[in-house]
Amino acid sequence: MLEARAASLSQRSIKTSSKAAALDLAIRCVDLTTLEGADTPGKVRALAAKAVRPDPLDASVPPVAAVCVYPSLVGVAAAAVAGSDVGVASVAGAFPSGQSPLDLRLAEIRRAVADGATEIDIVLNRGAFLAGRYQECFEEIAAAKDACGSAHLKTILETGELGSYDQVRRASVLAMAAGSDFIKTSTGKVSPAATLPTVLCMAEAIRDFRRDTGAVVGLKAAGGIRTAKEAWQYLVVVLETLGDEWMTPRLLRLGASTLLNDLLLQRTKLRSGRYEKPSRFTID
Amino acid sequence: MTSRREVERQGAFSVEYAPAPESTAIVSLAPRYDLYIGGRWVAPRSGAYLPSVNPATEDVLCEVAHAGDDDVDAAVAAARDAWPAWAALPGKERAKYVYRIARQLQERSREFAVLETLDGGKPIKESRDVDVPLAAAHFFYYAGWADKLEYALPGARVHPLGVAGQVIPWNFPLLMAAWKLAPALATGNVCVLKPAETTPLTALLLARVCEEAGLPPGVVNVVTGGPATGAAVVAHPGVDKVAFTGSTTVGKAIQKVVAGTGKKVTLELGGKAANVIFEDAALDQAVEGIVNGIFFNQGHVCCAGSRLLVQESVADVVLDKLKARLTTLRVGDPLDKNTDLGAINSEAQLGRIQQLYDAGVAEGAEPYQPECALPDRGYWFRPTVFTNVSQSHRIAREEIFGPVLSVLTFRTPEEAVAKANNTPYGLSAGVWTEKGSKILWMADRLRAGVVWANTFNRFDPASPFGGFQESGFGREGGAAGLLPYLKVEKIPA
Amino acid sequence: MTERLPVRKTYKLFVDGAFPRSESGRTYPILAADGSTLAWAVRASRKDLRDAVRAARGAQPKWASSTAYLRGQVLYRVAEMMEGRAAQLADELAATGAAGATAEVDAAIDRWVWYAGWADKIAHVAGTVNAVAGPYFDFTVPEPVGVVGIVTPDEPALLGFASLVAPAVCAGNAVVVLASETNPLVVMTLAEILATSDLPAGVVNILTGSKAELGPWLAGHGDVDTIDLTGAPADVGVEMERLAADDVKRVVRPLGSAPDWQDGAQSPWAVTASMELKTVWHPKGA
């Protein structure tokens, strides 16, 4: 049923002014990400420059929501986006597998926050979760939230490893109950990552959690979103499940790297009527 | 339970590759082969057949016709008869025949490769991965020129020469046949091909491919035989163009024979190439290049890097690496897919190599050969490196045409150039250095028709190949390879 | 005994190695010589064109980096396959009233073989080693421009296609082709041949439909490097030239020259028309 509903939502036709608004919203919701073993300060500075000013030729393009990097590069990222509204998200807690002693994972979170991260993305302990040790998962997330201090916490469910929508739902509820500010689909290191039915499932969980507890939790779709068309399909799923209130980077994020240039391409096409060459847009 | 430490103490056990022979089932040899003349298989008038031997086993593979003067006469006549119609064909139609031959070589590549190894002794790895693919590529490449000659030689009107008499050697039998036939046919000439005495079989299979391609009778003729057959082809008054690949000694004799006859001639002869290793070379890669340069095809290569010129400052390091590398060379059954060095092509050639080896020892050079078991039957020579070699040693001067490397040193680039050029030959040279400008400086100064930089033994139908000085004249490959088969007139203004 | 009813062929587009319908769902009738409807061809939209350009760009780097020898062999294989279906191609040409269909098919095959043989020789005529006045090794190599948009003529539908597409592809480009409007059927049959000839998906993409509609989109698309206007109707061609100026697109064969398709229209300069020249300097010195 989720899949049929998601498929029908993906057919929504978004035109003209709505498309322009959707593109700008999508850009503002991007967490511009680089999570590679080969990342260097130079790479992160380039990413940050693009996050703050996505199109050097068009000042009307809004900045993205945040940059997302590994803990060792948080300091560089924070310095590079200083003075702008772009946040610094850090993955932390032995990303992406999470397979490390808890105390070390919490220490990594604290260190990232101390270095300037305003947002922390952790992974759910899939091993414990799939073994049914829910209390353990809950406590880890709660401890992570505590370690975050003022930074907000996103919990990555790694939906591609959970095996079923029921598990996705259960993990969503668990993560929210433990205090996550955002629930997030994927690390981007495993396939499948974000899919429309999975995001729909998570959005429904958020909706019901809000109804039951009053808590407002954000949703981040990450991994495998490469085109503007896919991006606004996610926007539609969230809009039609959670309403206008979630149509803001405060509650909605798209974790991506190549997506931004396709959003820029579509935005330019809308304004000029022409299809552009990829080299018109910078690579970070 | 054995602890990990104990296992290590017990020592390594050696891993052997099990034999991995290529099957010969794909080849079906007849007991006896005739000459291919005028589109038919004809017996030699003298009735002479001689055995063709597998040099790895000394087994007789089959009998092959030995063409006499009268057979050569018939072949040239058949070619001459076929020429007008062949030359009159539009280039694009000639091209189609040559494309067919190329495609057939690709279709039957395994059969050709196994046959080449059986007949000549070269490792199956080489015949399969180098000889046969390159041969097919040559036909494919030259097919494409057949209808584009006005672009190869702008401003010129060109005509084919007529009957090409082509005498080829035993080291790359099929590939040399391709290098000769492809440009000749594409440009509208007809051919009388004389394969080497010890390696006629792939040429004969190629003749059958020509037959199946529908090539008009007489356009390609194959006359197998010995040196006398070759001499008859070269001297025949009905031959307009002579193309020869082989030793410098024979090449000089041929040049003498055709002098004054008006025949066009191209020669691709011997070499004593210098492989120059500078101190700023990538040394491990250079060692691979040295090994490839002299041991590829058992050193039976005209452009072999048979002189190693190593800069003195790195000579010891390079030689240590080289000697160690030699111990990993696998000498043995050419049909085994893991074999690096196959058999020496014939007893006679083995004798010549041995003679020069002995001369080297007598002259005071120091030989090094890795230990390796050699099969009891067949013709074999271990890979050899001579150090302590001077310019005036015979082994530094004469072409050995076997797996024997002579090592000399130099101090400066100028000295490297001088020593490299200090030879009557000039076919190829190798240069190893990571510095680009030095490569180009050396390339400017080396008197060689082919310069390989940070590589060796690279061939391509699009890349002209041929020598300076006593390594011969004329080029094969590229548009330059068309010239030897064309009469060029300037278009009148 | 009842007569057997034939199974009629549906004609679609050829994009990225597959045969999709137009996202617009539009088609238009192709008429036989007697005015009856032969079949319906797809009327491609700008979105189909957008997808075709994306496919071409995706396929081009790998095609360009394959050896020239390989490209030549792939093109030769196309000719082999065309030869095998020569009768079908001739029938489809004749059905719309084209004269000399068999001669046209033979010429198209031979032209294709001609260009197959250029792949590894174009460097000989277009590349140079330059005798500069200094200690430098200085050489110039031709390389493919990238994605070429080609408007092929309505007639001769097959020979025109071969004459314009083969040289661009042999050079290592990927192409987006606007096929003959009056006889796209034979072109789409050729597309089937291309799809089964070892040509990588996306190297040739073919759209059928209105040149007046698609041409400007092709000329205005920022990710097309060169456009060949040989088959464009005069007014469409002018507009395309103007649009090309927006990103300094290369324009090949502006209107005004009508090639002699049978004899005159083959040349290595047709290959170099969709190539750039790159010059490299390297100092010489020990």
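From a predicted model like this one, the values you see are computed outputs, not experimental measurements.

A. Quick look at the overall build of chain C. When helices and strands are counted, chain C shows 10 helices and 10 strands. Taking 286 residues into account, the globule formula puts the C-alpha radius of gyration at 19 Å, and chain C, at 20 Å, falls close to it. When the backbone C-alpha atoms are referred to their principal axes, chain C occupies close to 90 × 40 × 35 Å. Looking at chain C as a whole, 50% of its 286 residues are labelled buried. Considering only contacts within chain C whose residues lie at least 6 apart along the sequence, 76% involve residues at least 24 apart.

B. How the structure looks around the overall build of chain B. In terms of regular secondary structure, chain B is built from 16 helices and 20 strands. For chain B, the spread of C-alpha atoms along the principal axes amounts to about 75 × 55 × 45 Å.

C. Local environment of the interface of chain A and chain C. Each side of the interface is counted separately: chain A has 6 residues, and chain C has 6 residues. Of the residues that constitute the side of chain A that touches chain C, the class distribution is 2 nonpolar, no polar and 4 charged.

D. Region of the structure containing the sheet that holds strand β4 (residues 136–144) of chain C. All names here are of chain C. Reading across from one edge, β3-β4-β10 is the order of the 3 strands in this open sheet, with antiparallel pairing throughout. Looking at strand neighbours, the two that pair on one side only are β3 (128–129) and β10 (275–283), the edges of this open sheet. Examined bridge by bridge, β4 and β10 share 9 bridges and lie antiparallel to one another. If you follow Phe137 over to β10, its bridge partner there is His282.

E. Fine view of the environment of Leu61(B). Residue and element names in this part refer to chain B. Turning to its location among the elements, Leu61 is positioned in strand β5 (residues 59–65). The partly exposed category is assigned to Leu61, around which 18 C-beta atoms lie within 10 Å. Discounting residues that sit within four places of it in the chain, Leu61 has contacts with Leu29, Ser52, Val53, Asn54, Leu118 and Asp119.

F. Molecular detail of the arrangement of the chains. Across the 2 pairs of chains that are in contact, the largest number of contacts falls between chains B and C. Regarding chain A and chain B, which are not in contact, the minimum distance between any of their C-alpha atoms is 26 Å.

G. Spotlight on helix α3 (residues 41–52) of chain A. Residue and element names in this part refer to chain A. For α3, with 12 residues, the first-to-last C-alpha span of 16 Å sits near the 16 Å given by 1.5 Å per residue. If you check which residues of α3 are buried, you get Val44, Leu47, Ala48, Lys50 and Ala51. Take α3 and look down its axis: the buried residues cluster within an arc of 165 degrees, on one side only. Each element contacted by the buried residues of α3 is listed here: β1 (30–33), β2 (66–69) and α4 (74–81).

H. Summary view of the interface of chain B and chain C. Counting from both sides, the interface comprises 21 residues of chain B and, opposite them, 21 residues of chain C. If you list the elements that add at least two residues to the side of chain B that touches chain C, you get α3 (91–107), α5 (124–145) and α16 (436–445) of chain B. Broken down by class, the residue content of the side of chain B that touches chain C amounts to 13 nonpolar, 3 polar and 5 charged.

I. Seen up close, the domain arrangement of chain B. All names here are of chain B. By the assigned domains, chain B splits into domain 1 (32–269 + 471–490) and domain 2 (274–460). Look at where the C-alpha atoms of domain 1 and domain 2 centre, and you get two points 30 Å apart. Taken together, the contact pairs 20 residues of domain 1 with 24 residues of domain 2. A per-class count over the side of domain 1 that touches domain 2 returns 7 nonpolar, 8 polar and 5 charged.

J. Structural detail: helix α9 (residues 234–244) of chain C. All names here are of chain C. Among the residues of α9, those classed as buried are Val236, Gly237, Met240 and Ala244. One face of α9 carries all of its buried residues, which in axial projection span an arc of 100 degrees. In this structure, α9 carries Ala234, Asp235 and Arg242 as exposed residues pointing more than 90 degrees from its buried face.

K. Summary view of the packing of helix α4 (residues 109–120) of chain B against α5(B). Residues and elements named next belong to chain B. Direction vectors running N to C along α4 and α5 enclose 125 degrees, while the axes themselves pass 9 Å from each other. It follows from the interaxial angle that α4 and α5 lie oblique. The handedness of the crossing between α4 and α5 is right-handed. Of α5, the residues touching α4 (which contributes Ser109, Phe112, Ala113, Val114, Glu116 and Thr117) are Ile124, Ser127, Arg128, Asp131, Val132 and Ala136.

L. Just the sheet that holds strand β1 (residues 32–33) of chain B, in detail. Residue and element names in this part refer to chain B. Strand order in the open sheet formed by 3 strands is β1-β5-β4, with mixed pairing between adjacent strands. Every other strand in the sheet has two partners, leaving β1 and β4 (49–54) as the edge strands with one partner each. Examined bridge by bridge, β1 and β5 share 2 bridges and lie parallel to one another. Each residue of the ladder has a partner; that of Tyr33, found in β5, is Val64.

M. Main features of the pairing of strand β18 (residues 450–453) of chain B. Residues and elements named next belong to chain B. The two faces of β18 differ: Val450 and Trp452 on one face are buried, but Val451 and Ala453 on the other face are not. Here strand β17 (residues 428–432) runs beside β18; their pairing, made up of 4 bridges, is parallel. Bridging from a neighbouring strand, Val431 pairs with Ala453 of β18. Taken together, β17, α16 and β18 form a β-α-β motif whose crossover is right-handed.

N. Seen up close, unusual backbone geometry. The residue after Phe95(A), namely Pro96(A), is reached through a cis peptide bond having omega 0 degrees. Here Pro96(A) is to be found in the loop between β3 (87–91) and α5 (102–115). Despite not being glycine, Gln298(B) shows a phi value in the positive range, around 60 degrees. Here Gln298(B) shows up in the loop between α11 (283–295) and β13 (307–311). Residue class for Gln298(B) comes out buried when judged on the 33 C-beta atoms lying within 10 Å of it. Residue Gln469(B) is not a glycine yet carries a positive backbone phi of 50 degrees. Residue placement: Gln469(B) occurs in the loop between β18 and β19 (472–473).

O. Spotlight on the nonpolar core. If you look at the biggest cluster of nonpolar residues, it comprises 248 residues, and the most contacted ones within it are Val98(B), Leu75(C), Trp112(C) and Leu158(C). Each of domain 1 (32–269 + 471–490) and domain 2 (274–460) of chain B gives at least three residues to this core. When sequence neighbours within four positions are dropped, the list of residues in contact with Trp112(C) reads Leu75(C), Val78(C), Ala79(C), Met82(C), Ala162(C) and Ala166(C). Counting residues in each nonpolar core, the second largest holds 92 residues, with Val30(A), Val64(A), Ala175(A) and Val237(A) among its members.

P. Representation of the packing of α3(B) against α5(B) in the model. Residue and element names in this part refer to chain B. Where α3 contacts α5, the axes come no closer than 8 Å and their chain directions differ by 165 degrees. Considered as vectors, α3 and α5 are oriented roughly antiparallel to each other. Handedness of the crossing formed by α3 with α5: left-handed. On α5, the residues that touch Ala95, Val98, Tyr99, Ile101, Ala102, Leu105 and Gln106 of α3 are Val132, Ala135, Ala136, Phe139, Phe140, Tyr142, Ala143 and Gly144. Residue composition of the contact of α3 with α5, by class: 13 nonpolar, 2 polar and no charged.

Q. Local environment of the environment of Lys125(B). Residues and elements named next belong to chain B. Here Lys125 lies in helix α5. Looking at Lys125, the number of C-beta atoms within 10 Å reads 19, which means it is partly exposed. On a C-alpha basis, the gap between Lys125 and Asp340 in space is 7.8 Å, while along the polypeptide they are 215 residues apart. Apart from residues lying up to four places away in sequence, Lys125 is in contact with Lys337 and Thr339.

R. Just the confidence of the model for chain C, in detail. A residue-level look at chain C finds 98% of positions with pLDDT of 70 or above and a mean pLDDT of 94. This complex was scored by the predictor with a pTM of 0.90 and an ipTM of 0.89.

S. Looking closely at the environment of Leu201(B). Structurally, Leu201(B) is set in helix α8 (residues 201–212). Not counting chain neighbours up to four residues away, the residues in contact with Leu201(B) comprise Ser52(B), Leu115(B) and Asp119(B).

What counts as what
Residues numbered from 1 in each chain as written. Chains lettered and ligands numbered in written order. Predicted model: local features only at pLDDT ≥ 70, side-chain atom pairs only at ≥ 80, totals over all residues. Helix = DSSP H or I, 4+ residues; strand = E, 2+ residues; numbered from the N terminus. Rg over C-alpha atoms; globule rule 2.2 N^0.38 Å. Buried ≥ 20, exposed ≤ 12 C-beta atoms within 10 Å, placed from the backbone. Contact = placed C-beta atoms within 7 Å. Nonpolar A, V, L, I, M, F, W, Y, C, P; charged D, E, K, R; others polar. Pairing = 2+ DSSP bridges. Expected span 1.5 Å × (residues − 1). Arc of directions from axis to C-beta. Domains from an automatic or database assignment. Axes fitted to C-alpha atoms, helices over the stretch in contact; angles between N-to-C directions. Parallel < 35°, antiparallel > 145°, perpendicular 65-115°, else oblique. Left-handed = near helix turned anticlockwise from the far one by under 90°. Right-handed = clockwise from strand over helix to strand, strands pointing away. Core = buried A, V, L, I, M, F, W, Y, C linked by C-beta atoms within 7 Å. pLDDT = per-residue confidence, 0-100.

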